[in-house]
Structure formats: C-alpha cells, structure tokens
Amino acid sequence: MGRPRAFDEDEAVRAAVKLFGSRAYDGVSVDDLVTHLGVHRNSLYKTFGSKRGLYLVALRRHLADDVRPLADALAGAPDAATALRLITSADLGLLLLAAVERAAADDEVAAEVATALGTVDRAVADALGVPAELAAALTAAALGILLRGDPDGVGTALSRRLDPLA
C-alpha cells in the first residue's frame, strides 16, 4: 500500500501557475518546482507525470481561473476603452508566456492558447458589436501593451483613440 499524498494538489497547481507565469516553462527546472511547490520529486512525477504534465495542468488552471473570468467581464464592457482596461489589468502572465514561448513548440499548448484567445476575442466582439477581426486586433493591442510593461501609460493613450469604437 502506497503512502497517502503529502501535499495539496490544488495548492501545488496554483503555485505552479505563479511560478510558470513569472519565469516561463524553460525558466523553471524540476528542482525549482520541488522547492517552490513543496512537493517531493517522486510525488510530482507520480501526480503529474512530468514537468510538462504539471505545466499543462497549470496552464489550464490559469485559463479557467484568470482568462475565463476575464472573458465574462469583457461581455459587459460598454466600450473599447473599458475592454482594453480589463485586458491590461488582468493577470495573463502565463497565457502570454505560453503564447510566445511554448505554443510554437507544443501543439497542445498552442491549442489551449488559441482557444483562450478566441474566447477573449469573441467576448470583445460580442460586447462591442464589432467584427471578429477588429476584436482580435483590440485583444492583440492589449496583450502587446502588457508585453511592453506599461499598461497604464500606453493603455491610456490608446484608450483615447478608441472612443470612436464605442
């Protein structure tokens, strides 16, 4: 009979979301995971199969806990400036890192990222009553603002220009 699990899987996944969201997949070693999650190496492998397995669970958790609520909030956005503010104030670190680092090398990550971005794009399009292409452009601009690291300055300047879309 095996030993009972000595860690809270939910807490470990939440910690992995934060770790992968701040340092990316390639920036996190298994030793980092063991240290930051408080999980023994064998338990990590037994529960998640691999670092990639944990990464996929963490990415899906991030999409469910952070991106889905963002899409729900975007559904009520009265104008493009509000939609932009909602996106640029959301915690999307893991989604962004997954898009730029892992999606090109991992089809499963690419599919998760594409689904998440599509969900955000549709929420923007539906809320603003704009074509899908314009919603995708707004989402891309907002994510670019996050990547620049200046959501307030750049976002405010762009929001002023978005008034005609209201």
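K.L.:
Sorry, what's going on with the nonpolar core here?
P.N.:
Among soluble globular proteins, nonpolar side chains are generally buried collectively. The biggest cluster of nonpolar side chains holds 50 residues, and the ones touching the most others in it are Phe 20, Leu 54, Ile 87 and Leu 92. Only α1 (9–23), α2 (30–37), α3 (41–48), α4 (51–74), α5 (80–89), α6 (93–102), α7 (107–128) and α8 (132–148) provide two or more residues apiece to this core. Once you skip the residues sitting within four places of it in the chain, Leu 54 turns out to touch Val 13, Ala 16, Phe 20, Leu 33, Leu 37, Leu 44 and Phe 48.

K.L.:
In this structure, what is going on with the layout of surface pockets? I would like to understand it.
P.N.:
The gaps left among the atoms become clear once a water-sized probe is rolled over them. As a volume, the second largest pocket reaches approximately 190 Å³. Lining the second largest pocket are Arg 14, Val 17, Lys 18, Gly 21, Arg 61, His 62, Asp 65, Asp 66, Asp 91 and Leu 94. Mapped onto the lining of the second largest pocket, the elements with two or more residues apiece are α1 and α4. Taken together, the residues of the lining of the second largest pocket sort by class into two nonpolar, two polar and six charged.

K.L.:
Quick question: what am I supposed to make of the packing of α7 against α8 here?
P.N.:
Between two packed helices, both the angle of their axes relative to each other and the distance between the axes serve to describe the pair. Remark: α7 packs on α8, axes separated minimally by 8 Å, with the N-to-C direction vectors making an angle of 120°. With respect to α8, the axis of α7 lies oblique. Remark: the crossing between α7 and α8 carries right-handed chirality. Within the contact between the two elements, α7 uses Leu 117, Val 120, Asp 121, Val 124, Ala 125 and Leu 128 and α8 uses Ala 132, Ala 135, Ala 136, Leu 138, Thr 139 and Leu 143.

K.L.:
Help me out: how do you make sense of the packing of aromatic side chains in this one?
P.N.:
By convention here, two paired aromatic rings are described through the distance between centres and the angle between planes. Inspection of every chain in the model, using the stated rule, returns three aromatic pairs. With a centroid separation of 6.1 Å and 15° between ring planes, the pair formed by Phe 20 and Tyr 25 is classed as stacked. Residues Phe 20 and Tyr 25 agree in their burial class; the two are buried. Summarising the aromatic geometry, the rings of Phe 20 and Tyr 55 are spaced 4.9 Å apart at their centres and angled 85° between planes, so their arrangement reads as edge-to-face. Of the two residues, Phe 20 sits in helix α1 while Tyr 55 sits in helix α4, which places them 35 residues apart along the sequence.

K.L.:
Teacher, can you tell me more about the pattern of salt bridges here?
P.N.:
Pairs can form between side chains of opposite charge whenever their charged atoms are close. Per the stated rule, a full pass over the model turns up 12 salt bridges. Across the pair Glu 108 and Arg 52 runs a salt bridge, and its minimum N-O distance is 2.9 Å. Placement of Glu 108 in helix α7 and of Arg 52 in helix α4 is noted, with a sequence separation of 56 residues between them. Since its relative accessible area comes to 30%, Arg 52 is described here as partly exposed.

The rules behind each value
Residues numbered from 1 in each chain as written. Predicted model: local features only at pLDDT ≥ 70, side-chain atom pairs only at ≥ 80, totals over all residues. Heavy atoms only, no water. Core = buried A, V, L, I, M, F, W, Y, C linked by side-chain atoms within 4.5 Å. Buried < 20%, exposed > 50% of the residue type's maximum accessible area, 1.4 Å probe, protein only. Helix = DSSP H or I, 4+ residues; strand = E, 2+ residues; numbered from the N terminus. Contact = heavy atoms within 4.5 Å. 1 Å grid on protein atoms, 1.4 Å probe; cavity = no way out; pocket = protein on both sides within 12 Å on 5 of 7 lines; lining within 4 Å. Points joined across faces, edges and corners; volume = space filled by probe spheres on them. Nonpolar A, V, L, I, M, F, W, Y, C, P; charged D, E, K, R; others polar. Axes fitted to C-alpha atoms, helices over the stretch in contact; angles between N-to-C directions. Parallel < 35°, antiparallel > 145°, perpendicular 65-115°, else oblique. Left-handed = near helix turned anticlockwise from the far one by under 90°. Phe/Tyr/Trp six-rings, centres within 6.5 Å; stacked < 30°, edge-to-face > 60°. Salt bridge = Lys/Arg side-chain N within 4 Å of Asp/Glu carboxyl O.

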